[in-house]
Amino acid sequence: MNWLHSLDWGAIALNGLTLVGKLLIAFIAFYIARAIGRRIIAQSFLKMKNTKNISSGRSHTLEKLATNVLSYVLIFILVTFIAEMFGLSPSALIAGAGVVGLAIGFGAQGLVSDVVTGFFLLLEKQIDVGDYVTVAALDGIVEEVGLRTTQIRGFDGTLYFIPNRNITDVHNHSRGNMRALVDVSIPFEDNMDETIKLIQDACADLGDVTELIKEGPDVVGVEDLSSSLVTIRVIAKTENMHQWTVERQIRKVIKQAMDEHKQSIEEETPGDEEN
Amino acid sequence: MNWLHSLDWGAIALNGLTLVGKLLIAFIAFYIARAIGRRIIAQSFLKMKNTKNISSGRSHTLEKLATNVLSYVLIFILVTFIAEMFGLSPSALIAGAGVVGLAIGFGAQGLVSDVVTGFFLLLEKQIDVGDYVTVAALDGIVEEVGLRTTQIRGFDGTLYFIPNRNITDVHNHSRGNMRALVDVSIPFEDNMDETIKLIQDACADLGDVTELIKEGPDVVGVEDLSSSLVTIRVIAKTENMHQWTVERQIRKVIKQAMDEHKQSIEEETPGDEEN
Amino acid sequence: MNWLHSLDWGAIALNGLTLVGKLLIAFIAFYIARAIGRRIIAQSFLKMKNTKNISSGRSHTLEKLATNVLSYVLIFILVTFIAEMFGLSPSALIAGAGVVGLAIGFGAQGLVSDVVTGFFLLLEKQIDVGDYVTVAALDGIVEEVGLRTTQIRGFDGTLYFIPNRNITDVHNHSRGNMRALVDVSIPFEDNMDETIKLIQDACADLGDVTELIKEGPDVVGVEDLSSSLVTIRVIAKTENMHQWTVERQIRKVIKQAMDEHKQSIEEETPGDEEN
Amino acid sequence: MNWLHSLDWGAIALNGLTLVGKLLIAFIAFYIARAIGRRIIAQSFLKMKNTKNISSGRSHTLEKLATNVLSYVLIFILVTFIAEMFGLSPSALIAGAGVVGLAIGFGAQGLVSDVVTGFFLLLEKQIDVGDYVTVAALDGIVEEVGLRTTQIRGFDGTLYFIPNRNITDVHNHSRGNMRALVDVSIPFEDNMDETIKLIQDACADLGDVTELIKEGPDVVGVEDLSSSLVTIRVIAKTENMHQWTVERQIRKVIKQAMDEHKQSIEEETPGDEEN
Amino acid sequence: MNWLHSLDWGAIALNGLTLVGKLLIAFIAFYIARAIGRRIIAQSFLKMKNTKNISSGRSHTLEKLATNVLSYVLIFILVTFIAEMFGLSPSALIAGAGVVGLAIGFGAQGLVSDVVTGFFLLLEKQIDVGDYVTVAALDGIVEEVGLRTTQIRGFDGTLYFIPNRNITDVHNHSRGNMRALVDVSIPFEDNMDETIKLIQDACADLGDVTELIKEGPDVVGVEDLSSSLVTIRVIAKTENMHQWTVERQIRKVIKQAMDEHKQSIEEETPGDEEN
Amino acid sequence: MNWLHSLDWGAIALNGLTLVGKLLIAFIAFYIARAIGRRIIAQSFLKMKNTKNISSGRSHTLEKLATNVLSYVLIFILVTFIAEMFGLSPSALIAGAGVVGLAIGFGAQGLVSDVVTGFFLLLEKQIDVGDYVTVAALDGIVEEVGLRTTQIRGFDGTLYFIPNRNITDVHNHSRGNMRALVDVSIPFEDNMDETIKLIQDACADLGDVTELIKEGPDVVGVEDLSSSLVTIRVIAKTENMHQWTVERQIRKVIKQAMDEHKQSIEEETPGDEEN
Amino acid sequence: MNWLHSLDWGAIALNGLTLVGKLLIAFIAFYIARAIGRRIIAQSFLKMKNTKNISSGRSHTLEKLATNVLSYVLIFILVTFIAEMFGLSPSALIAGAGVVGLAIGFGAQGLVSDVVTGFFLLLEKQIDVGDYVTVAALDGIVEEVGLRTTQIRGFDGTLYFIPNRNITDVHNHSRGNMRALVDVSIPFEDNMDETIKLIQDACADLGDVTELIKEGPDVVGVEDLSSSLVTIRVIAKTENMHQWTVERQIRKVIKQAMDEHKQSIEEETPGDEEN
């Protein structure tokens, strides 16, 4: 048992104290780094909120995400340092993290991709709650934009949950005036100038919906010329989300005008029906 | 054999004791880390259960998964440490783990992807057992949501097993009221105002199904105007899962109204059949 | 040759003995690890067999796979240790394994993916031999479920070999009752209430197949309303695999009922053919 | 030049001898490892050949492949060891191998994938020379199954070279009896019971092809019921590769029976042509 | 406490001073490297702006991106150096960066891909604000070209947000004159030389739109010859964005010419209507 | 300046000489390795040329490629060794090579894939210059097979440049006899036995093209039986590349036979036209 | 302050001088390597220009690219060496480069792929400015071939910017003579020999376009034989880019010949119109 005496207790104590000191320094560095990181994040979000006019809820979600990522990375570095201080090679830790990271890299890339896309969906203003949009070949009213999924309510009442990574080309139908477009097919035999005038006149009075129209409606001309049909196109600029009402009204007045016109012709030439 | 005497038995004993001590510390650290990890997992799930209103079964499945992943990672780190203590380079272990990990990374990414997606399907409430949903171009009633696969019972009785990674865009038809939509094509010659009134009147009395309707039915107008047909659209908001019943009833009453109308015309002008 | 005498034969002997000792320890550790691993695998499969009701053949295949993977990984680790003991850097071995592993990772990921999916196909009960299933857009009766491929016999007698990785969305048509669904198109001019009653009456007596029916058949209503045809839908719940027989019988009785009805009308109004 | 004398020639000689000794050991280990590897490969193929009934040519091709892979891996390890012995760091060699390996991993994964799939195509018996198969949307008679490509002769005489990686879902039409399937469309007006009986009777006598039929032909019933046509399905189980002959014969006899039936009706009611 | 005295304070002070010196050098090197990097970036953008005629806004955006990337890389290197100076192994830092980098590499490759493509979209002049383009199967007027997304206003008023990575094949319809193309189908019976002359004459006078035409319109000949129709093609080169106006006018004049021609024939042969 | 005297010039000289010696050995080893490698490549290609009957041009192209790859790998290893000898860590070199290699691995995998596939296209005889083939959904006559691209001349004169990686399923239409296949649709009313006999007789005499036919033409029977048409199939085995001529001739003689047959019927029953 | 005296200024000076010397050697080696590399590049391009007949502009672009890549790699190696000389571990630098490289590898692989493909598009002569080509399903005249994108002018005037990575299968319509192909559908009732002769005669005189024809036009025979139409194919070899003119002229003369033929028949049998 005399080897116990041969130990250099002074050196052991010194090592112990050094270790404790290093631990303290590591923890202090960790808290300082986290505090600085958080402040930088908070300030850049505050600045962004002011300059880019982001809603408070959105900037809060994004700030929380950034703070969490910072914390996880700092904790991982701290743990690795502590393991090293106790003389344990960090390679085991790193290898463990590597296997998990690799599995995440391959298996959960969808998840990471969702969050990255979601981050920009919240930061930029591509879609807002209440917008009428088409994304991933689904269209409806946006109900919620989250970090991982976006919820859209379809016309038939279905609620779509779309992972953000599937939201690539966004068609936002709620940004500015829309265009109503109606194509009318008339038989080839009809006189074209007359028909165009008839349609233009009919579109002059659209009743209640007139106030929804910003521009037009205008008959732009012959869109298609098949051997039996001539297609005439009518276009109007309307207020957002009222383009369908306008289109339906235009179709209705054109139909009525054509009915009346036909009747008047038939009355003029009663013996020449169904030509 | 005198080299046996030259060995420094004191140093050997010291090394042995140090090794045992280190082993003890490693095991204790392992159990402490596991205990802390488990408690953190348990508490965060408890908190989540309360705030996000997750069912007990779901949170149990998720907690078990998180605990298992924690255990596997800690065991791997422990084994690597022990190998190092016995003077065995951990590189062989890590290389072995790396080859397995790489194979998993490439070959089993589908599996990892299933579990990651399944985790969020259970955590969030995108689909519940009993919901009528469309996922991966298959629709039916959800029978089970698991970590790896989700089971959906199709309308014809088929049971679909869908790996969770294939569940991206979820169409959930059981969240809120639905819309019934009926398009009626009428010949171009018919008077439109009359026809729209006829359809609107017919929809006023839908018999038994009236109580399933939340709003409407309303004739929204002329949806399409081809050279021979005019399409009129009728829309109604209905209770969930009863939209088809309502649609069928609307189609039936419109058909009957049009039959009656036709008969009344024919009775008035008996000599003008089949116009 | 006097340098031969200068060698420290004691140290060489000691080294040799140490080497032999290390080798022994390595082999013993290898066998212990393999034995423990095998027992753990065996016990977990035994437990799984009892709780999840897996057939003996299936659990045997899976146990063998798990044991093989364990052995290969342990042998690789053992060889690396031995190489290190002889003073040979294990980097060459690991590099060799890495090149092979990388090639496997890229080129044979299909194979690994097959086995991983096959493992779960055997473990879970998504498909059983004898089930009528649709997988990878092919449908037929399952003849064999293997680790790498699944064999399905198509209706025309073709034997499909499907790599398990292609088996994602499984449509299993042999789990529970099925639904028979028949759509009947009738001319627009027919009276609808009468026709629906006629079809409902016809379906009341289906002869021999009645015992195959669990529920219905019920006429659910007007499914589609085109300008010239009205589509009526009939639905019935049937015993598994007899839905086609029921559908054919329903079609037959409806056809006969409509023929009889027509005849009776024609007999009543003999002078009004071909309306 | 006096530094030449200061060299320790004894140590140099010892080093030289040690080097030669190590080289010898490395080469001996290489040859032993290769011999053992080859024997293991040879024996496992011999065993496989006996138990799985693989043709001699196939097992020879596979054995050669396995032996080559073994040799390349062992040679690479040997070269790395030798480089290390001469004091040259193996990192350059490994880096060179790594760059080549990475390029192969990305660029030639198709090749590796071909060989891995080819290995299993030869080992298992999914396709044999002479089988009539559908793979990669091409169908024909298999002419050759190789490690990298499979050759299939199409019906029009074209020779398809299909890389084995494209062979995933194999449709093998040469495993067991096939089914002949004929759908006959008859006008809606025809009496159905009579028509079914007519078809069933016609199928009773198929002339020469009767001996190719294993079961049936049976009229299974009304497959489709459109507003103008009724589709009747006939099914028969036939000998492999003769299903088309049987189908053509069934079509022919049904056509003739319907012609005769029509004639007999027309003879009975000569004044009612072309109804 | 006498071990305190045994410390070599001189060496400690020297070490401290050396550390401070090294830190100073590191920071100075960092600032110099950043300054040099920024100047190089600024000068190369200035040069590019002059030679490639890039707008000031665009080059500013790109310069800011390049400066940011430079700063992040330099900061990462600086932090790693400082960690090393304090005796902390940089492996933990690098591992942390590696895990984040790997996650980014897999999950956020879309983001990086967006920015890289956006960089070249801004640098090169493939699309400018105001251009009429087709990208990713969407067409409209470019409203904004950003680093991550490009905004395009569709014809119906929808605003498309397209991630730059989806912008591969750019169809720019605003670079140079466009071609108007009209296909006219005439009945097979008409005399072809006459008809071609008729169309050519009609196109000679297009009224107001003549000034929009750069070349033509020319009848290029018989484009298709089906059994009942002959298709004649007319082509004209027009000013950018006016091709549709020209096409509509060409269709209109051809229709009118054909009407007049028909009338003149009918007047000549009044008794041969509707042949 | 007295530290200049303190240098051990003897050791420096020794080091210098050793360095020169090592350099010499490295270069000699490099040249020997290259010479051996080239000889092995040359001999294996010579052997392959003799046993596999490869043309001289092809084997020359492949040999050059193999020699180049060998040289690049050896030069890279040599440079790394030399850098190490001068005390420069090879890590920088390897890192540089790694970055380039990684970029190549991701960006240029198409190129590597082209060369690997091209290697096997040249080695095996899947396509030869002059063959009529279908690859990558393009068909034409092969004009050139290169390491990176294959040139095919399409029927309309277009020259296709196809990167070899796109050449997966090769359809080679120039390997063996081809089959001519003609489907004839006849009205349902025609007597089938008569018609088949008529077609068979017509095919007996094909004029000049008879010598291009190896087998047949044979009427194989009723291929399809719709409600208004019966499809009869005729098959013949022809010389390569003459299948279209034979098909056209068969169609012509069948058409003429049916015309004559019709005429003869009409002559017999002159009062029953156009039934 | 006496530790200042204790420093070995001689050694410090020696170290400093050595460092300066090493730096000098590193820079000199860098410039020599760059000069040699540039000369090798310049000479190989000169040789290539002469032997492969590449235009001066193309070879200049490629040479610049090769020189830039060389410079970047050499600068990276130089910086790493210098960092090492100052006792700074190069691992931080390499890690920084690795993170950037990885991000490039994943995010910018499209860019690298563009440049690699562009390199070969410039080097080989697959497409030249002025060629009429089809690439990436777009066709037009090539306006510019760049390292990153290729510009093609479509027929309607649109300018396509195609990233080079999308240019895989190149259809070059400007290499050699083209074939004009016209299919004529005639009614089944027409006599075929007469019709073929009529078409062949009509094609004998094509007026002005005759000089554009290299071979033909030839009537190759009956291409399709439906129950109501017979399709006759006419083929001619024409000068490049004039195939459409020839096709239109062939269609025109056939149409005229058939009109004349019809008229002559009608004149012969005036009482049998419209059969």
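The structure presented is a predicted model; accordingly, all values stated were derived computationally and were not measured.

Draft legend 1. Structural context of the overall build of chain A. Counting its regular elements, chain A contains seven helices and eight strands. Within chain A, the proportion of its 275 residues that are buried is 43%.

Draft legend 2. Structural detail: the sheet that holds strand β8 (residues 229-238) of chain F. All names here are of chain F. If you walk across this open sheet you meet the three strands as β6-β8-β7, and the pairing is antiparallel. At either margin of the open sheet sits one strand with a lone partner, and together these are β6 (178-187) and β7 (213-225). Strand after strand, the sheet turns through a mean of 20 degrees between neighbouring axes, direction not considered. Sheet topology note: the β6/β8 ladder contains 10 bridges and is antiparallel. In the strand pairing of β8, P187 is matched with L229. Helix-sheet contacts for helix α6 (residues 192-204) involve β6, β7 and β8, and the interaxial angle to β7 is about 160 degrees.

Draft legend 3. Broad picture of the pattern of salt bridges. Here the structure, examined in full by the defined rule, presents 63 salt bridges over all chains. G:R165 is the salt-bridge partner of G:D114, the closest N and O atoms lying 2.9 Å from each other. Taken as a pair, G:D114 in helix α5 (residues 109-123) and G:R165 in the loop between β4 (159-163) and β5 (170-172) lie far apart in primary sequence, 51 residues in all. Classification of G:D114 as buried rests on a relative accessible area of 0%. Beyond isolated ion pairs, a larger network of salt bridges with shared partners links A:D114, A:R148 and A:R165.

Draft legend 4. Expanded view of the packing of aromatic side chains. Evaluated as defined, the whole model comprises 21 aromatic pairs over all chains. When the ring of B:Y132 is compared with that of B:W244, the centres are 5.5 Å apart and the planes differ by 85 degrees; the resulting orientation is edge-to-face. One end of the pair, B:Y132, is in strand β1 (residues 132-135); the other, B:W244, is in helix α7 (residues 243-268), and 112 residues separate them in sequence. Assessed through its relative accessible area of 14%, B:Y132 is described here as buried. Positioned over the ring face of B:F155 is C:R179, at 4.4 Å from the centre of the ring.

Draft legend 5. Spotlight on the domain arrangement of chain A. One can read the domain layout of chain A as domain 1 (8-107), domain 2 (113-172) and domain 3 (178-265). Relative to domain 3 of chain A, the C-alpha centre of domain 2 of chain A lies at a distance of 35 Å.

Draft legend 6. Molecular detail of a nonpolar patch on the surface. All names here are of chain A. A cluster of nonpolar residues, V20, L24, I28, I32, I36 and I40, forms a patch on the protein surface that exposes about 570 Å² of accessible area. Assignment of secondary structure puts L24 in helix α2 (residues 9-52). The class of L24 is exposed, set by a relative accessible area of 51%.

Draft legend 7. Representation of the pairing of strand β8 (residues 229-238) of chain C in the model. Residue and element names in this part refer to chain C. The buried count for β8 comes to eight of 10 residues, which makes it a mostly enclosed element. As judged from the eight bridges shared by strand β7 (residues 213-225) and β8, these two strands associate in the antiparallel manner. When the sheet's bridge partners are listed, L225 is paired in β8 with V230.

Draft legend 8. Quick peek at the confidence of the model for chain A. Residues and elements named next belong to chain A. Residues with a pLDDT of 70 or more make up 80% of chain A, whose mean pLDDT is 77. Across residues 271-275, confidence stays below pLDDT 50; counting only partners more than four residues off in sequence or on other chains, it has zero contacts. Taken over the whole predicted complex, pTM reads 0.77, whereas the ipTM for its chain interfaces reads 0.71.

Draft legend 9. Spotlight on helix α6 (residues 192-204) of chain A. All names here are of chain A. Taking 1.5 Å as the rise per residue, α6 with 13 residues should run 18 Å; its terminal C-alpha atoms sit 18 Å apart, in good agreement. For α6, every residue scored as buried is listed here: M192, T195, I196, I199, A202 and C203. With its buried residues spanning 130 degrees around the axis, α6 presents them on a single face. With respect to the buried face of α6, the exposed residues turned more than 90 degrees away are K197 and A204.

Draft legend 10. Representation of the side chain of E:R251. Mapped onto the fold, E:R251 is located in helix α7 (residues 243-268). In this structure E:R251 touches A:V222, A:E223, A:D224, A:L225 and E:V182, once residues within four positions along its chain are discounted.

Conventions used here
- Residues numbered from 1 in each chain as written.
- Chains lettered and ligands numbered in written order.
- Predicted model: local features only at pLDDT ≥ 70, side-chain atom pairs only at ≥ 80, totals over all residues.
- Heavy atoms only, no water.
- Helix = DSSP H or I, 4+ residues; strand = E, 2+ residues; numbered from the N terminus.
- Buried < 20%, exposed > 50% of the residue type's maximum accessible area, 1.4 Å probe, protein only.
- Pairing = 2+ DSSP bridges.
- Axes fitted to C-alpha atoms, helices over the stretch in contact; angles between N-to-C directions.
- Contact = heavy atoms within 4.5 Å.
- Salt bridge = Lys/Arg side-chain N within 4 Å of Asp/Glu carboxyl O.
- Phe/Tyr/Trp six-rings, centres within 6.5 Å; stacked < 30°, edge-to-face > 60°.
- Lys NZ or Arg CZ within 6 Å of the ring centre and 35° of its normal.
- Domains from an automatic or database assignment.
- Patch = residues over 30% accessible without salt bridge, like charges linked within 9 Å, V, L, I, M, F, W, Y side chains within 5 Å.
- Areas by Shrake-Rupley, 256 points an atom, 1.4 Å probe, with all protein chains shown as cover.
- pLDDT = per-residue confidence, 0-100.
- Expected span 1.5 Å × (residues − 1).
- Arc of directions from axis to C-beta.

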